[in-house]
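Geometric and topological summary
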Amino acid sequence: MKFGKQLKFLAKEQWKQYYIDFSALKQILKDLKKTAEKENRCTTVVKEKVVEGSEEGPKSVEEVKANITPQEEEHFLNNFVEQIQNIESFFRQKFDTIVEMFKQIEGDGQGVPGNLALFKKRVHDMLILVEDLIDFCHLNSVGCTKILKKFTRHTTFSQRDSYDDLVKSQTFVANIAVLEKVRTSAKRIYVTAIHKATQESNEKILQELEQSVQAAHSWKLNTILFQFDEHVNKAQLVYKVYNIKPLPIAVALIIGLILYFIPIFAADKQPEQRCFALLVVSIILWVSECWPLFLTAIFIPFLVTISYCVYNDNKTVMNPTQAAGFALNAMWSSIIFLMLGGFSIAGGLKKYGIDQRIAFYVLKQRLFATPMRFVFGLEVLALFLSMWISNVAGPVICMTVSLPVIRDLPSNSRFIKLILLCIAAAGNAGGMTTPISSPQNAVAIQTVNGLNPPQDINFALFFIISLPTAVIMTICGHFLIMFMYKPDIKELPQIHTDVSEPIPIKGYLVLLAGITSIILWFCSQWLNPYVGNIGILSIIPILLFFGTGLLGKEEFDNLPWNLMILLAGGSVLGKAVQKSALLTLISDWLLDKIDTNNVYVMLVIFNIIMMIVGGFVSHTVSALILLPLFAQVGDTFGHAKALVMCGVCICCGSMPLPISSFPNLNSISLQDEHGDPYLTTLDFIKVGVPLTLVAFVCSISINYGLCLAFNY
């Protein structure tokens with residue numbers, strides 16, 4: 001990975017504005033080179049270069065140098081010197097702080113410290129600051145050297161040696177050795193003072209101090225590496241050639257053509273048959289995952305347009321021009337804006353470290369100091385974060401804060417399995433609680449909005465109906481997993497939290513904007529007469545975050561647009577199935593075959609279907625396929641919202657396999673130092689099957705009862 005990317009991850013979060021802006025200087029260099037190329041001011045230079053790992057001698061390599069003007073050189077160097085001055089100013093400030101801290105420690109260590117705990121904390125805090133500042137100096141020193149080297153290689157700049165000397169003369173480079181001496185002296189004073197107070201051996205005192213400081217840095221390193229791996233995985237996905245499976249694609253298209261052309265339905269039901277063919281093709285492509293899910297979603301509007309399967313309001317079949325307009329209008333629904341608003345909040349919390357601060361604050365409380373309480377704290381955290389950010393981000397954050405504990409335990413420890421399974425269970429439970437907590441919830445609201453006439457599930461009532469099941473599932477999961485994987489440790493490895501720096505002003509603005517958005521969503525029922533619907537209301541958080549500069553273009557680009565496309569394609573499919581009257585046809589056929597007028601019997605049957613499908617197929621795909629049917633059948637009984645709410649509840653709660661949901665995949669993806677996953681499929685079956693049954697029972701009892709109470 002290039003230095004610019006490394007700097008992004010290795011830089012201390014709270015100090016990022018004081019590091020060398022390597023990317024900005026590199027961009028200036030690129031602009032100078034482009035200008036020189038346009039004006040034909042480039043020279044080709046032949047150099048001898050030794051290829052690493054090659055047994056052959058030096059090879060001739062051509063390099064293109066830009067003949068820069070004195071003004072261009074001055075422009076780059078002025079920016080470079082300004083960067084050095086910024087680094088130097090910050091270093092002096094922190095160096096002076098360390099000097100003051102050292103003087104205080106030196107004074108306290110003259111005899112036996114009056115407050116031993118306070119003395120230990122001062123030494124520990126100073127040593128952590130020294131380590132951070134040494135890292136700061138090394139990174140900036142390397143950055144300055146690399147950008148000068150790059151500038152010299154790509155231009156006719158010839159004063160590199162003098163500017164290298166300028167960098168070496170700065171105090172942030174020259175005083176690295178001084179910081180190392182301060183660190184050594186502080187340890188010596190600490191050992192002497194603690195020995196006088198406790199009579200413990202010097203070796204033991206020094207060892208405990210170094211372990212404490214090292215543990216704090218291990219925590220920081222583990223967090224950095226986790227984020228680094230996340231970034232690398234994302235980068236690999238960007239450049240990855242998807243593993244396309246031609247056979248399922250061919251099977252889907254052949255079956256689709258057979259269903260499209262061979263008469264199966266009645267002669268007056270041909271649009272319904274064509275839509276059925278489209279539905280089968282979509283299901284095969286989604287379930288087989290023969291190409292990316294979002295590609296199937298993009299394929300659906302194309303199929304709807306050319307298949308002559310959608311009726312106009314006057315019961316004539318839409319031509320391709322009309323169908324194209326219908327499909328494109330169906331793609332951009334209010335739920336897309338709702339999800340964008342939710343992801344904007346999540347992006348703001350992550351950018352300013354608020355999500356991890358919440359996690360740190362919860363887990364550092366004495367209430368969670370023992371292993372069992374720590375796990376309970378993680379479950380509460382996963383449940384809460386999954387509710388209000390998403391059940392994708394929530395489990396990832398919990399994994400991040402628990403990683404130092406996991407890495408400090410033997411790879412065969414039962415406590416690791418316990419942690420990972422509890423995070424997965426709580427993440428699945430949290431994913432059923434609000435419209436923004438998971439994609440399948442967004443599909444549920446989108447489905448009832450598409451009925452004729454449209455219906456709406458209120459944000460607040462969605463939360464009230466789903467919360468009891470989520471809490472019961474989390475509690476049952478806690479005791480079940482504790483019973484199956486009894487903790488094999490009595491004391492929890494210490495977690496060091498790096499939150500000494502104050503929250504920036506923008507961090508408080510992010511919190512304010514996020515809380516305001518959630519309050520607005522809760523009040524959407526009363527605000528709809530003024531703003532139309534919850535989708536338009538969701539534009540407010542997007543404007544608050546991106547319109548005020550809290551989030552920028554990079555964060556907007558990094559929003560999960562593949563998920564947005566998946567929801568958009570699902571919306572088109574759902575509305576096409578409805579407008580073709582296929583959904584009514586299937587609903588009537590089911591009611592005739594099951595032959596019941598009892599909505600509760602239908603609810604139980606549909607929940608069993610969703611429980612099974614949701615366990616073997618991803619939750620989002622299960623919701624896209626089944627919830628439109630639930631809504632249509634429920635509408636005939638006058639309880640469409642009840643069947644959809646109960647259906648999405650069991651969809652989120654179904655977790656028998658690692659592939660069932662993202663929280664499950666997140667937990668099974670963590671590997672030990674040998675590259676082996678801590679969890680197995682059997683672990684998920686042992687825990688996931690009972691918890692899926694708990695969700696099922698809650699769905700057909702508590703959820704259904706609350707739906708009836710609210711006239712759903």
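For clarity, every value in this text was computed on a predicted model and none was experimentally measured.

Side chains that differ in sign of charge can pair as their charged atoms come close. Under the criterion given, the structure shown has eight salt bridges. The shortest N-O distance in the salt bridge between Asp-683 and Lys-417 comes to 2.8 Å. Linking Asp-683 in helix 31 (residues 681–709) with Lys-417 in helix 17 (residues 414–430), this pair joins segments that are 266 residues apart in sequence. Residue classification places Asp-683 among the buried positions, given a relative accessible area of 5%. Of the charged contacts in the structure, one is a salt bridge between Lys-553 and Asp-557, with a shortest N-O distance of 2.9 Å. On the criterion of helical spacing, the pair formed by Lys-553 and Asp-557 is a turn pair, its members being four residues apart in helix 24 (residues 553–557). A relative accessible area of 62% places Lys-553 in the exposed class. Taken together, the salt bridges that share partners define one network made up of Glu-39, Arg-41 and Glu-72.

The phi torsion at Asn-40 lies on the positive side, around 55°, for a residue other than glycine. As for its position among the elements, Asn-40 is in the loop between helix 2 (22–38) and strand 1 (42–49). Here Asn-40 falls in the exposed class, since its relative accessible area comes to 70%.

A few words on empty space enclosed by the protein. Counted under the stated rule, the structure contains one cavity of 30 Å³ or more. As a volume, the largest cavity reaches approximately 140 Å³. Lining of the largest cavity is provided by 14 residues; of these, Gln-446, Thr-447, Gly-574, Lys-575 and Pro-628 occupy positions nearest its centre. Elements with a contribution of two residues or more to the lining of the largest cavity: helix 18 (439–449), helix 25 (561–579) and helix 28 (619–637). Within the lining of the largest cavity, the residues separate by chemical class into six nonpolar, seven polar and one charged.

Our focus in this paragraph is the state of the cysteines. Taken as a whole and judged by the stated rule, the model has zero disulfides. A disulfide-free cysteine, Cys-698 has its sulfur positioned 6.8 Å from the sulfur of Cys-476, the nearest such atom.

The next thing to look at is helix 31. Taking 1.5 Å of rise per residue, the 29 residues of helix 31 would be expected to cover 42 Å, and the 39 Å separating its terminal C-alpha atoms lies within 8% of that figure. Its maximal kink placed at Ser-699, helix 31 deviates by approximately 40°. Of the residues flanking the end of helix 31, it is Asn-711, one or two places downstream, whose phi is positive at about 60°.

Here we take up the side chain of Thr-155. Tracing the backbone through its elements, the reader meets Thr-155 in the loop between helix 4 (116–154) and helix 5 (160–169). Among the residues examined, Thr-155 registers a relative accessible area of 2% and is labelled buried. Separated by 2.5 Å, the side chain of Thr-155 and the backbone oxygen of Phe-151 make a polar contact. Within the structure, Thr-155 has its side chain in polar contact with the backbone nitrogen of Phe-157 (distance 3.2 Å). Ignoring sequence-local partners within four residues, the contact set of Thr-155 consists of Leu-29, Lys-65, Ala-66 and Ile-68.

Glancing now at the confidence of the model for the chain. Taken as a whole, the chain shows an average pLDDT of 80; of its residues, 86% reach a score of 70 or greater. Predicted confidence in the chain is weakest over helix 8 (residues 202–239), with a mean pLDDT of 57, and strongest over helix 9 (residues 246–261), with 90. Note on residues 221–241: pLDDT under 50 across the span, and 22 contacts to partners over four residues away in sequence or across chains.

All right, on to a nonpolar patch on the surface then. A grouping of Ile-254, Leu-257, Ile-258, Phe-261, Ile-262 and Ile-264 is seen on the molecular surface, where their side chains present a nonpolar patch of about 620 Å² in accessible area. Residue position: Leu-257 is located in helix 9.

Right, let's talk about the nonpolar core for a bit. Membership of the largest hydrophobic core comes to 146 residues, with the highest contact counts inside it found for Val-304, Ile-419, Trp-521 and Leu-627. Here the element with the most residues in this core is helix 17; it accounts for 12 residues. Beyond its immediate stretch of four places on either side in the chain, Ile-419 contacts Phe-374, Val-375, Leu-378, Ser-402, Val-405 and Ile-406. Among the nonpolar cores identified, the runner-up in size contains 58 residues, and Ile-28, Phe-102, Leu-139 and Phe-157 belong to it.

Overall, the coordinates contain 20 aromatic pairs when judged by the stated rule. Ring geometry for Trp-388 and Phe-463: centres 5.4 Å apart, planes at 40°, overall tilted. Remark: Phe-463 occurs in helix 19 (residues 459–484) and Trp-388 occurs in helix 15 (residues 371–388); sequence separation between them is 75 residues. For Trp-388, a relative accessible area of 15% corresponds to the buried category. Since its relative accessible area comes to 15%, Phe-463 is described here as buried. One residue, Lys-315, lies across the ring of Tyr-311, its end atom 5.8 Å from the ring centre.

Helices that pack against each other are described as a pair by the angle of their axes relative to one another and the distance between those axes. Packing of helix 20 (residues 505–522) against helix 23 (residues 539–546) leaves a shortest axis separation of 9 Å and a crossing angle of 175°. Comparing the axis directions of helix 20 and helix 23 gives the class roughly antiparallel. Listed contacts from helix 23 to Val-510, Ala-513, Gly-514, Ser-517, Leu-520 and Trp-521 of helix 20 are Ile-540, Pro-541, Leu-544 and Phe-545.

What follows deals with the environment of Lys-486. Its location among the elements puts Lys-486 in the loop between helix 19 and helix 20. Separated by 114 residues in sequence, Lys-486 and Met-372 have C-alpha atoms that sit 9.3 Å apart. A distance of 3.2 Å separates a polar side-chain atom of Lys-486 from the backbone oxygen of Phe-483.

Right, let's talk about the environment of Trp-561 for a bit. Here Trp-561 is to be found in helix 25. Each C-alpha atom, one on Trp-561 and one on Leu-340, is 9.1 Å from the other, the two residues being 221 residues apart in sequence. Those residues within four positions of Trp-561 in sequence are excluded, and the remaining contacts are Leu-340 and Phe-556. Engagement of the side chain of Trp-561 in a polar contact is seen with the backbone oxygen of Phe-556, the distance being 3.0 Å.

Two elements in contact, helix 2 and helix 3 (residues 70–108), have axes separated by 10 Å at closest approach and are oriented at 180°. When the interaxial angle is binned, helix 2 and helix 3 end up roughly antiparallel. Contacts from Leu-25, Ile-28, Leu-29, Leu-32 and Thr-35 of helix 2 reach helix 3 at Glu-72, His-75, Phe-76, Asn-79, Phe-80 and Gln-83. When its residues are assigned to classes, the contact of helix 2 with helix 3 shows six nonpolar, four polar and one charged.

Okay, the side chain of Lys-641 next. Turning to its location among the elements, Lys-641 is positioned in helix 29 (residues 640–653). Comment: no salt bridge for buried Lys-641; closest opposite-charge side chain is Asp-456, at 7.0 Å. Engagement of the side chain of Lys-641 in a polar contact is seen with the backbone oxygen of Asp-456, the distance being 3.2 Å. Excluding its chain neighbours within four sequence positions, the residues that come into contact with Lys-641 are Val-448, Gln-455, Asp-456, Ile-457 and Tyr-712.

What counts, and where the lines are drawn
- Residues numbered from 1 in each chain as written.
- Predicted model: local features only at pLDDT ≥ 70, side-chain atom pairs only at ≥ 80, totals over all residues.
- Heavy atoms only, no water.
- Salt bridge = Lys/Arg side-chain N within 4 Å of Asp/Glu carboxyl O.
- Helix = DSSP H or I, 4+ residues; strand = E, 2+ residues; numbered from the N terminus.
- Buried < 20%, exposed > 50% of the residue type's maximum accessible area, 1.4 Å probe, protein only.
- 1 Å grid on protein atoms, 1.4 Å probe; cavity = no way out; pocket = protein on both sides within 12 Å on 5 of 7 lines; lining within 4 Å.
- Points joined across faces, edges and corners; volume = space filled by probe spheres on them.
- Nonpolar A, V, L, I, M, F, W, Y, C, P; charged D, E, K, R; others polar.
- Disulfide = S-S within 2.5 Å.
- Expected span 1.5 Å × (residues − 1).
- Bend = angle between axes of the 7 residues up to and from the residue.
- Polar contact = N/O pair within 3.5 Å; in protein donor to acceptor, adjacent residues only side chain to side chain.
- Contact = heavy atoms within 4.5 Å.
- pLDDT = per-residue confidence, 0-100.
- Patch = residues over 30% accessible without salt bridge, like charges linked within 9 Å, V, L, I, M, F, W, Y side chains within 5 Å.
- Areas by Shrake-Rupley, 256 points an atom, 1.4 Å probe, with all protein chains shown as cover.
- Core = buried A, V, L, I, M, F, W, Y, C linked by side-chain atoms within 4.5 Å.
- Phe/Tyr/Trp six-rings, centres within 6.5 Å; stacked < 30°, edge-to-face > 60°.
- Lys NZ or Arg CZ within 6 Å of the ring centre and 35° of its normal.
- Axes fitted to C-alpha atoms, helices over the stretch in contact; angles between N-to-C directions.
- Parallel < 35°, antiparallel > 145°, perpendicular 65-115°, else oblique.
- Lys, Arg positive; Asp, Glu negative; His and termini not counted.

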